[in-house]
Structure formats: structure tokens, C-alpha cells
Amino acid sequence: MENTDVIFADTKLSPPEDFANLRTKGIKLIQQLAGKVWTDYNSHDPGITLLEAICYALTDLGYRTSFNVEDLWTRGDDQTNLSFYTARQILTSGPVTVNDFRKIIIDIEGVKNAWIEVSDDYEVPLYLGTKETTPGQSVYELSYDEGAGEPLRLKGLYKVVVELEEGIAADRQHEVLQRVRNIIQRYRNLCEDLVTISSVEYEPFTFEADIQVSEGADIEKINALVFQLIQNLFAPPIPFYTLDQLLAKGYTIEEVFEGPALQHGFIDVHDLEQCHRSPQVHLSDIINKILKIEGVIAVKSCSFPAGSQSSFSEFTESINMYALSSEKIVRLDIENSVIRFSRKGDKHRDAKSTAPSKDRVRALYKFLQSQKRTTKLRGPKLDLPIPTGSWMNVSDYYPIQNNLPVTYGTTEPVIVDPGNSKMIGDLPLRKKQVLQLKGYLMVFEQILADYLAQLEHVSDIFSFENIDRTYYSQSITDAVTDAAVLMKDLSKYNETAGQKESKKTFFKRREKVLNHLLARFGEEMNSFSFYVHNSSTGKSEDVIRAKAAFLADYVDLGLERNKGFDYSDRDGAWDTSNVAGVKKRICRLLGIQDYSTRFTTFDWIDVEKRQEDNNPLRFVAVVRDHQNKKLLLESRPFETESEVRHILHYIIQHGFNTKKYQLQDKQGRFSYHLQMENEEKQYESVASMEFGSKGNRDEDFSRLIELLEGLGRQENFHLLEHILLRPKIDSHPLKSSNQPAESTSVSLLTVLRKSQVASPTKTEQPQFPYSFRIDRRNDKGKLSWTLNLMRDSRTPALVVEDNFPLKKGAIERMVHIRQAGADRVNYADSTNADGYYVFVIKEKDRVLAKGKKAYREKKDMDDEIILLVDYFSYQLNLMHTAADKDEVSESDLADPYSFQLSIFIPDWPLRFREPGFKYLLEEAIYNELPSHIYPNIYWLDYKQMKDFEHVYKAWLQELTMNEVPEIARVNSLLAVFNEIRKMN
């Protein structure tokens, strides 16, 4: 019997779509609210009729809410909102493991296979020794001299061996290897590098066998098939699969897309793991495969001749194994391999007819190999499509009043001429009552219409784009008849339609949605949000902008998370987004908008030398307009550069603050002076400018403040991988007639760590009089926990008035206090009833802890707060400095190159000056870097950063242009870098 479409009577409806359920609940609510004055709930009652009309509208809303997600996300032009990421975008990653890198290399046209191995060798061998400085102590010392100590084994260096596809012309082989090098450099892991790349060397071997075949078999074809299967046993091609093939093999979607995205299909990681450069092939494997060839009856003998391997002409129970040299790939020598065939009719054939034709065997073998020359797929399906939906026009609204019976009069317009307001007074009572009912229903109409508008814009709410609202509404003037008459002010209604939330509400709701989206990717930016919401300089829009930018860049942040910058990109040395993936991720996590490699220092603010006639040399700090080089501010002259650097630092730190300036008008001369407090607590002018007119002064003063404010917003930092600084030529003088010998020597990174020969002494650490104490409290059998910060064992410094039912709550409060207490802006002070000064630590409007002591002098309270800020800042950074040295060998600690990087951060940007943000930035660095990489963090003043950026840019440009950088540029960078390391 054919199946027929039917409607089932017992279909289960969801509560919002169940009309009877809604009606029952509505009547029950009416009974609760008006049961004493309204007892008639029959269907003929107008109130019940209105209830039923509203319930019916609610079922429509429930129905539309249950639409498939792809339908709700599809816009009116049938285009799906692309805030969704595809499987290929979000599930793949950049290459990280050895197998990942093998995949992307094999995916290159012309490559058959590839192997990546750790390299114990590198360009210039280094030796690590020790030099005694004081009795019982010595320092590590790096040298190029072999007798200076033990060889330094650098980590993170690799060599690549590539097997090219057969038939690649000699002139194209170098091109393919260069493409391999480029793609490795493009995806190079952070603090790792490639030492060598080469094509494989082949080791020929021969094969002999006696095979019995059936009468009429094509012995040349069988011969070629035997050669092919033997070669594929030793050097099997890596097959590419389609998406459907891997799914059919039982892999999940997550497993299929694990690893880097390829262009020619998918590679099964098990095929890679089974394909070794040094395979072990048993004769029994060869025999089993030969016997499966059509026409083969038996294998009488099988061996590798003595030139290849010990062999035996007849089979025994033992296994004859051919072991390949680990440095080469074997290739079957078909010219010197011999296969003899025997058939029943050989006695009637001459010797020439019993032996296969070598020319035909060679031709068939080449044909068979050409079919398997590459397993790369052409135009495969590489991704799962985003589900497409249908535009359902969910915001289309049909008014409730149009569903009422005709006798109610609400389905047709009451006012023929809406512009004549006097006409309403002339209407019959019946029509006035109809308008009154329409006006009553307008509240419900607007609410339901707004719900549908909100549903229509759900894709906008959950998008990564910048939106200006989270509540959506729509006008119902076109849907409801007589709406223009019912509105008190129609123009104002149309003007304010959609404005349903304040900025505060928008930021709060928008951040909740972005937090939800972040959580779907397993990410969170809570520390950044905490800092911004509790910082005097932070704004809610900064949080929204940072989280939306993080989500919009999430694909690249995931793909590039582990990669270093691509130094093979000749156009990507400076003023470029070619940066290490971890830098981009840290910047996005902390709302640093520009992560590119660029200058943070500028020529328009600097130290200049001044010398007139025979006067001594002087130094001045200057600020110029970079557009026209006009001088805007000049310090008084100083005898030493160190003195003027102090003034330059003050200008950068405070020069944007107009309250620090004194504007003077004297005898027709107009000037402004930057004031600084001296040791005598008096203010003196340290930099100034004078003008002939007030207009010129005010114009230049505004420009000066604008430039210095902009400088304070220039947030960035530089990341330097130590492994890229390793010497690539030795230190012996090069043969050059144009350069002095000393200029050719290559500097080394200074080894700063000491080798403790005697008993180690404890490192001096800041001493603070504070410690947290968590106590258990039993109040009439009710257990709770209290938290205090103690100055000593008896005297609390901070008290927490809350009692915590669980110890976990006290610990969490302690963490919050540490985070908030590291920033001075979170301390609020006041005076008590006795006129004494007191303070609290706050998180937004919540008091986290209170100072226990009341202070007679405000200065005493401020001193206590400063000490607390220092203590909490130290405690927060302590987790990063207390590394477990027991698991690290002395040679690892002395190695300045392996798995280390240095981060250079300017100390003058506005946020970078705040202790809370400094902690946040350092915490992000430690959390986001791979655990095996150690970061060295340096906070540089303006002059230090300017010196560093000058040599850093030159080195980067040299590194991208030459495989072996010019010595002078390397030495210049190392000299500045080593000086920075010694000073920190």
C-alpha cells in the first residue's frame, strides 16, 4: 500500500504554539487578577475573544521562533550572514607538528614525499665554557673555539629532505625546493628555524626472481607489475583522499579537518606515520603481493643479489630483510634486475621467446609509474558548505485587531481623512468606541511587532560586526489602520522608532553576546574587561571594539597562533602585519589596535645637540610638528645626555597634560612653559616656547598637546626570537680587501646567567609586611570562612566584611583583591565621623575590602596605599618569576638562543604606564606563549626604544633580503640588545 500524507491528531506542540494551553493559562491569570469582579469566562465574552486573538498571535510568534537557524540567519536577498565560520576555516590549524609540516610540503606540486628531522648541526658551532670571576663562582662564556668547552646543542632547528615526483626536469627541481623553503618559512613555528633543505639521495638496488605463470600470461606486463609493487613497498606515494572517503573510513569531521588546510585533498596521518625513510621490507611481503598478480602461479625463488644484500636462492623459514641506509631512499634498478618466467609450453619455445622483452617491460613500467606519479586530487571538495536557508520574512506583522470578528469594526479604517483631526469629534459613539479599542490594542500590537523585529535581526545581534543596538523594533503605522490618528505625535513616533535602549544598556547587552560567542570558541577576555571597567581611562566601547575585533580575526589568530614572522617575505620587514602570531593574538586580547611592526618612536621628538661658536656642547629635548618641522617645544640646555633624557621622558609622560603648563603674556611676548616639581617641592620651567602673538601661541600649543596625546596612544611592542640571532658565519676574519678584519667578526648574545660553583645565595626580594589569612568560623553550628590581609599575626591591614559559606569563595575574593589592589584607581578614600582618613578597595560599585586603620594624616594613608599597590603588583608577577629551576639543566639555562624570545615594550603609552595594565600585558604574554618558550620582557624608555628600533629595523630588512645577514647589521643589533639585557 502506498504511503499517504496525513495529519496526526495527537501531534505534540511546543508550549508557545499550543493555542489551548495559552488560552487556559490566560484565563487562569484573569481569574487571579479579576476573579471577584468578572465571573463570565465563556467564549461569547468580548474579553475572552480578545484573549483568544492575542493567544493566536502568540502561537504565530512561537511558530516563527521555531524556524531553523539557517532560515533565521538568511537575509532578504537569500544571502546567509557570514558571521559563521566553515569547518575548513575553524577546525583547521596552522602546521605545528612534524606531520603537519610534512602535509603542507607534500601538498606542493612536484613533491612526492618529505621528511623533517631535528638538526643537531647548525651553521657555526658554538661551545659553552665557564670562566671563574670570584672564588667559588663562575660565569658561562660562549665561544667559537672548539677547546673552550662543550658543544652547545641549539634546540628548535630542523632539516628537511624532499623526494620529488618522478619526471621533474632538472631545471624545475630548484624551483620546487624553493617553494618548499618558502612555505616552511611562511608557517615556521615560533623560536624554530630551518637549517637545510635538500632533495633525497637514491640508493639503487636490484632484484632477482623465478616466477611460474600460467600459459598465455603476458610476462612483460607481469614483470612491470612486479617492479612497480617492489618500488612502492620501499617508497610508497602518500595518497590524497576526498572528504567523503575519509568520512567513509570512520573519521569524524573534527578528525578530518585536524591539521593544516591543503589544496589537493586530505592526507590520512596514518599513511604518513607508516611511510618511513628507512623501511624494513620482508621477502615474504614481496612474495605475497606477487602471488596476487593475475597469471602468477608460484614464486620459485626470490632474492636481493649480493650487491644489494645477503640473499639466499631458495626459501627457508627465516626472513630475508633488506635494510635501507637511513640517509637515502632506495630506487629499484630495473635495468639490472632480472625476473625469469616459466610456463608449461616453454619446451616448445626458443630462448628468446621465454624471456620478457626489456624494452616493453621498461615502457610498461614507466606507464604504470606515470599513473601513480602524483596522488594529488584536482578540484576536490575541501569544505563543508554553510547550510543555506530560506528567507522567511519573520518581521512581517499582521495586526491582532484584523483577526477580530467583523462586528468589532476593527478590520476597516474608521477615519477616512486622517489629516482632519476635528472629524473624530463628529463620529458616532460606536466608531469612537472602535477607535478606543484600537488604541487599547496598540500596546499589544507594538510589543508583538517588536518581538518579530528582534527575531528578524537575530543574525545582527550575534554577528562580529559593529552594530549600534541590541533591541530592535518596527513601526506598525502601515500595518494598523487608523494608526496615524491614534498616535499623539506621529512624527516623534517615527523619529524614535528603534531607539529602545541607552548606551549603558547597549554596552551591557552587547558584551554579554560577545562573551557568549567567545565562549563558543573556548575563549574569554575577562581580565581585560575587569581592567577596563575598573580603570579611570577605560571605556565600555573599548571592550566591545576589542572583543568584536578578536572574533572577526579569530580564524587568523587560530591559524597563526604558533607561527613566527615570515622572514622570507622581502616586502614584510617593516610597516607590515607580517608578525608572529602570538603578538597579533596578545594585541587583540588587550585591545591594542595596531599590531604591525612599526616605529613607536619618531624623529619629531628627540634629543638634539647644540653648540654655538666656542661654547661647550649642550643637549636639548625638542618637539617638532612632523608636518612642517616647526619647533613646538624646547627644553633648556643640559651638559650631559643623561640629564636631557630625564627631561625628554618627563615631556613624553606629562607633556599632554595642559595643567602642567603655565601660559604667560608679558610685554607683547606670549609663551607657554612646561612645569616640573624639583627636589625642593617647587615648580620650575623645564621646556618652553615663545611667540610674538597670542594666536600663534595658542595654535602651536593646541598642536603640541595633540601630538603628545597621540604619542601616548601609540601602543605596540616588538618581539625578537633569539634563534634568529645565532651566528651564520664563523668569527674568523673573512678574506676581504675592503673591510678591516675586526669588522667581520660576529658577536654573540651575552650569557648573563651565573654558574653557582659554591652554595647559592638567596636572591634579594622586596620585603612586605603583609600576608593573607583565611580563617574558619563556627557560629552556632553554621560554618563559614573569613578573609583578612594581615600586617602581622595579630593586626589586620585589610578586612573583608563578607563571610563565605565555602572556602573557595574566600580564595576567589583574595584573587579579586590582588587584581584590583595592583591599580591605584581602585582605591577610594574618605573621612569617617571623627575626621580620620579611611579607604576601601572597590571593584566597580562593590567594596572588596576595607582598610582596618584610620589615619590622622592623609599622607600616611597614601603611603600605606602605595605600599599595598607595590605588594599586590609584586604578588601578581611572582607567579611568572618563580620557575622550577630543578627540572632545567645548567646548560639549558646558559643557552641564550634556544626557545627564547625577548619582548621590548615602550613605557610611555597611557595604558602602559598603569600597573594594572602592565600586569595584564605581562600575564597575557606568559599565558599565550607556548610553555616551552621563555620570554624576556623589557620595558624601555623613549631613548632606549629609539636606539633599539633603529638597529632592529636594519636587521629585519637585512634578514629578509639575505640568507646570511650582513655582519655589521647583526653586530649593531646584538650590541644594543646586550646592553639592554645588562641594564635590566
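Numbers given to residues run from 1 along each chain, matching the order in which its sequence is written. With pLDDT at 70 or above as the cut-off, local features in this predicted model cover only qualifying residues; side-chain atom pairs require 80 or more to be listed or tallied, and sums for whole chains, interfaces and linings still use all residues. Side-chain descriptors were evaluated using all non-hydrogen atoms of the structure, hydrogens and water having been removed beforehand.

### Quick look at the overall build of the protein
Just so we agree on the cut-off: Put simply, DSSP H or I for four residues or longer makes a helix, DSSP E for two residues or longer makes a strand, and each gets a number counted from the N terminus. With a 1.4 Å probe rolled over the protein chains alone, any residue whose accessible area is under 20% of its type maximum counts as buried; one over 50% counts as exposed, and the rest are partly exposed. Here a residue-residue contact requires only that any non-hydrogen atoms of the pair lie within 4.5 Å. We get accessible surface area from the Shrake-Rupley algorithm with a probe of 1.4 Å; when it comes to residues, only the shown protein chains can shield them.
On a plain count of helices and strands, the protein comes out with 30 helices and 29 strands. Here the protein, with 984 residues, has 46% of them falling under the buried criterion. Contacts in the protein between residues far apart in sequence, at least 24 positions, make up 69% of those at least 6 positions apart. Total accessible area computed for the protein in this model is approximately 52,900 Å², and 49% of it derives from carbon and sulfur atoms.

### Thoughts on the packing of helix α29 (residues 942-961) against helix α30 (residues 967-983)
Working note: a packed helix pair is described by the angle between its axes plus the distance between those axes. Definition in use: For every element, the axis is a line fit to its C-alpha atoms; helices are fit only across the contacting stretch, and the angle between N-to-C directions ranges from 0 to 180 degrees. If you view the pair so one helix is near and one far, a crossing is left-handed when the near helix is turned anticlockwise from the far one by less than a right angle, and right-handed when it is turned clockwise. Note on residue classes: Ala, Val, Leu, Ile, Met, Phe, Trp, Tyr, Cys and Pro are nonpolar, Asp, Glu, Lys and Arg are charged, and everything else, Gly too, is polar.
The contact between α29 and α30 brings their axes to 9 Å, and the two run at 145 degrees. Crossing geometry of α29 relative to α30 is assigned as left-handed. Contact residues: Gln-944, Asp-947, Phe-948, Val-951, Tyr-952, Ala-954, Trp-955, Gln-957 and Glu-958 in α29; Arg-969, Val-970, Ser-972, Leu-973, Val-976, Ile-980 and Met-983 in α30. Of the residues that constitute the contact of α29 with α30, the class distribution is 10 nonpolar, 3 polar and 3 charged.

### What about the pattern of salt bridges?
Using the following cut-off: Criterion for a salt bridge: a side-chain nitrogen of Lys or Arg within 4 Å of a carboxyl oxygen of Asp or Glu.
Following the criterion strictly, the structure yields 51 salt bridges and no others. Put simply, Asp-947 and Lys-943 hold a salt bridge, and the shortest N to O gap is 3.1 Å. Separated by 4 residues within a single helix, Asp-947 and Lys-943 lie in helix α29, roughly one turn from each other. Across the pair Arg-969 and Glu-958 runs a salt bridge whose closest N-O atoms are separated by 3.8 Å. Here Glu-958 lies in helix α29 and Arg-969 lies in helix α30, a separation of 11 residues in the sequence. The class for Glu-958 is buried, based on a relative accessible area of 8%. A single salt-bridge network, built from bridges that share partners, covers Glu-523, Arg-561, Arg-585 and Glu-928.

### Re helix α7 (residues 219-234)
Think of an α-helix as 3.6 residues a turn; residues three or four steps apart then line up on the same face. Our working definition: Expected span of a helix, by definition, is 1.5 Å for each gap between consecutive residues, and there is one gap fewer than residues. Any N or O atom pair separated by 3.5 Å or less is treated as a polar contact, with the protein-specific requirement of one donor-capable and one acceptor-capable atom, and with residues adjacent in sequence counted only for side-chain atom pairs.
For α7, built from 16 residues, the straight-helix expectation of 22 Å at 1.5 Å per residue is met to within 8% by its first-to-last C-alpha distance of 23 Å. Most of α7 is tucked away: 13 of the 16 residues are buried. One side-chain oxygen of the residue at the start of α7 lies 3.3 Å from the amide nitrogen of Glu-220, identifying that residue as Asp-218.

### Notes on the pairing of strand β24 (residues 796-799)
Heads up, the condition is: By definition, two strands form a pair when at least two bridges between them are found by DSSP.
Relative to β24, strand β23 (residues 782-790) is paired through 3 bridges, and the arrangement is antiparallel. From the neighbouring strand, Met-790 faces β24, where its bridge partner is Pro-796. In sequence, β23 turns back onto β24 through a hairpin of 5 residues. Judged from the 2 bridges that link them, β24 and strand β27 (residues 846-851) form a sheet pairing that is antiparallel. Bridge pairing links Leu-798 to Gly-851 in β27.

### Regarding the confidence of the model for the protein
To be explicit about the condition: Per residue, pLDDT measures the predictor's confidence, with a range of 0 to 100.
Scored by pLDDT, the protein has a mean of 84; 89% of the residues are at 70 or more. At the low end of the mean pLDDT range in the protein sits strand β11 (residues 321-323), at 39; at the high end sits strand β20 (residues 718-721), at 96. A low-confidence stretch, residues 731-743 (pLDDT under 50), is modelled with 12 contacts involving residues beyond four sequence positions or located in other chains. The low-confidence segment residues 879-888 (pLDDT under 50) makes 5 contacts with residues lying over four places distant or belonging to another chain.

### Comments concerning the sheet that holds strand β6 (residues 193-199)
Strand pairing in a sheet takes place through backbone hydrogen bonds and is either antiparallel or parallel in direction. Taken together, 3 strands build an open sheet; the order of strands is β1-β5-β6 and the sheet is mixed. Either end of the sheet is taken by a strand with one partner, and the two such strands are β1 (111-118) and β6. This sheet shows a mean twist of 20 degrees between the axes of neighbouring strands, independent of strand direction. Pairing geometry for strand β5 (residues 157-164) and β6, over 6 bridges, is parallel. Following the sheet pairing, Lys-159 is matched in β6 by Thr-196. Along the sheet, helix α5 (residues 98-106) contacts β1 and β5; its crossing angle with β1, the most-contacted strand, is approximately 150 degrees. Contacts from helix α6 (residues 170-186) reach β1, β5 and β6, with the element oriented near 160 degrees to β6.

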